[in-house]
Amino acid sequence: MSRARRLRRQQLQPAAPEAIADPAQSPVPRAPLWLSAAFLLPNLGALACGFVFDDRIVLVDNQSLHVHSFGQLAHIWKSGYWPDNRGLELYRPVAQTVWALTWAAGGGSHPAIFHALNLALGLAAVLLLYRLLLLVETPPRVAFAAAALFALFPIHTDATASVVGSSELMAAAFGLAAVIFYYRNQPVWALFLFGLAVFSKESAAAFAALPLAFPRKRPSLRDSWMAAAGAAAIVATALIAHNVLSRS
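To continue, consider the pattern of salt bridges. Tallied over the entire structure, the rule returns two salt bridges. Salt-bridge contacts for Glu202 lead to Arg92; the nearest nitrogen and oxygen are separated by 2.7 Å. Placement of Glu202 in the loop between helix 9 (187–198) and helix 10 (210–213) and of Arg92 in the loop between helix 3 (55–60) and helix 4 (93–107) is noted, with a sequence separation of 110 residues between them. The class of Arg92 is buried, set by a relative accessible area of 9%. In this structure, Glu168 and Lys201 form a salt bridge, with 3.2 Å as the shortest nitrogen-oxygen distance. Of this pair, Glu168 sits in helix 8 (residues 166–183) while Lys201 sits in the loop between helix 9 and helix 10, and the two are 33 residues apart along the sequence. For Lys201, a relative accessible area of 17% corresponds to the buried category.

This is the structure in structure tokens:
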């Protein structure tokens, strides 16, 4: 067979199929939009909830959160969480400050404003979780599936239906944002957001352990020590505040 004929035959033969890529590595089109729908659609009913459960004790009947000027916010940082249960004090001044400002903006007459804020915070937590999973190199479709399951988890109802449940949403959103900045080697912003998370709800201290589960590649020793020392100082401050208030 002549060389020219062999070349023509090779050109007519179909090309060998390329290796099939791993489906998990391909991104999900419009992932943030689908995740937003997954969280918002099941939780929109919270807008009609009004004030429920501990909302009346912590917010509605708590005159200390019904402020009329920014100067009145200072006392929130000097007092505990429960207005009447001494010995069971918690310290969540960031959440209480947000509630006081929302009340002053009309939330006292329109509880839907509080619940809309809850939905926004919950949505932020879902999208930040998705972003964090991508940042630690989770395959895109696996990250999407994990974030979608998180968005659809029924327990979120407690946080979105109750106004005071937003402390959990703030802790989650600020905590996830703090870890994202940590992985971006921005320890100052990471510590600032971690502080907001811990002083929204004390359980946010657990976010300090996430870098142990997902170690950074080529970490800066200085930034790592700075973040670790700062996180320890924030948690210690929260514990001291709780101890002082529980004895007052």
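The structure having been displayed, the exposition proceeds.
Moving on, we come to helix 8. Every α-helix carries 3.6 residues per turn, so stepping three or four residues along brings you back to the same face. Over its 18 residues, helix 8 runs 26 Å from end to end, which matches the ideal 26 Å to within 8%, given 1.5 Å per residue. In terms of burial, helix 8 is a largely internal element, 15 of the 18 residues being buried.

This part takes up unusual backbone geometry. Phi at Phe53 takes a positive value of approximately 50 degrees, unusual for a residue other than glycine. Inspection of the secondary structure puts Phe53 in the loop between helix 2 (31–43) and helix 3. Phi is positive for Glu137, close to 65 degrees, though the residue is something other than glycine. Looking at where Glu137 falls in the secondary structure, it is placed in the loop between helix 5 (111–135) and helix 6 (140–152).

Moving on: the confidence of the model for the protein. In the predicted model, the protein carries a mean pLDDT of 86, and the fraction of residues at 70 or more is 87%. pLDDT under 50 marks residues 15–20. Its contacts with residues more than four places away, or in other chains, come to zero contacts.

Note that Asn118 resides in helix 5. On the basis of relative accessible area, Asn118 is assigned to the buried category, the value being 1%. Ignoring any residue separated from it by four or fewer positions in sequence, one finds Asn118 in contact with Ala159, Thr160, Ser162, Val163, Ser166 and Leu169.

In this structure Glu168 comes out as partly exposed when scored by relative accessible area, which is 33%. Sequence separation between Glu168 and Ser200 is 32 residues, and the spatial gap between their C-alpha atoms is 7.4 Å. Those residues within four positions of Glu168 in sequence are excluded, and the remaining contacts are Asp158, Ala159 and Lys201.

This part takes up a nonpolar patch on the surface. On the surface, Leu41, Leu44 and Leu47 cluster together to form a nonpolar patch covering roughly 280 Å² of accessible area. Assignment of secondary structure puts Leu41 in helix 2.

All right, on to the packing of aromatic side chains then. Per the stated rule, a full pass over the model turns up eight aromatic pairs. Consider the rings of Tyr91 and Phe199, whose centres lie 5.8 Å apart with planes at 85 degrees: the pair is edge-to-face. Linking Tyr91 in the loop between helix 3 and helix 4 with Phe199 in the loop between helix 9 and helix 10, this pair joins segments that are 108 residues apart in sequence. In this structure Tyr91 comes out as buried when scored by relative accessible area, which is 13%. For Phe199, a relative accessible area of 13% corresponds to the buried category. Measuring from ring centre to ring centre gives 5.9 Å for Trp189 and Phe192, while their planes differ by 85 degrees; the resulting arrangement is edge-to-face. Taken together, the residues Trp189 and Phe192, both in helix 9 and three residues apart, mark about one turn of the helix.

Following both chains from N to C, one finds helix 5 and helix 8 inclined at 25 degrees, their axes separated by 9 Å at the closest point. The pairing of helix 5 with helix 8 is recorded here as roughly parallel in orientation. Two packed elements cross with a definite hand, and for helix 5 against helix 8 that hand is left-handed. Across the interface between the two elements, Asn118, Leu121, Gly122, Ala124, Ala125, Leu128, Leu129, Arg131, Leu132 and Leu135 of helix 5 pack against Ser166, Leu169, Met170, Ala172, Ala173, Leu176, Ala177, Val179, Ile180 and Tyr183 of helix 8. For the contact of helix 5 with helix 8, a count of residues per class yields 16 nonpolar, three polar and one charged.

Bringing the packing of helix 4 against helix 5 into the picture now. Viewed as axis vectors pointing N to C, helix 4 and helix 5 meet at an angle of 135 degrees, and their least axial separation amounts to 9 Å. Between helix 4 and helix 5, the angle is such that the two are oblique. The way helix 4 lies across helix 5 gives a crossing that is right-handed. Residue-level inspection shows Val98, Trp99, Thr102, Trp103, Ala105, Gly106 and Gly107 of helix 4 in contact with helix 5, the latter providing Pro111, Ile113, Phe114 and Leu117. The class makeup of the residues in the contact of helix 4 with helix 5 is eight nonpolar, three polar and no charged.

Conventions and cut-offs
Residues numbered from 1 in each chain as written. Predicted model: local features only at pLDDT ≥ 70, side-chain atom pairs only at ≥ 80, totals over all residues. Heavy atoms only, no water. Salt bridge = Lys/Arg side-chain N within 4 Å of Asp/Glu carboxyl O. Helix = DSSP H or I, 4+ residues; strand = E, 2+ residues; numbered from the N terminus. Buried < 20%, exposed > 50% of the residue type's maximum accessible area, 1.4 Å probe, protein only. Expected span 1.5 Å × (residues − 1). pLDDT = per-residue confidence, 0-100. Contact = heavy atoms within 4.5 Å. Patch = residues over 30% accessible without salt bridge, like charges linked within 9 Å, V, L, I, M, F, W, Y side chains within 5 Å. Areas by Shrake-Rupley, 256 points an atom, 1.4 Å probe, with all protein chains shown as cover. Phe/Tyr/Trp six-rings, centres within 6.5 Å; stacked < 30°, edge-to-face > 60°. Axes fitted to C-alpha atoms, helices over the stretch in contact; angles between N-to-C directions. Parallel < 35°, antiparallel > 145°, perpendicular 65-115°, else oblique. Left-handed = near helix turned anticlockwise from the far one by under 90°. Nonpolar A, V, L, I, M, F, W, Y, C, P; charged D, E, K, R; others polar.

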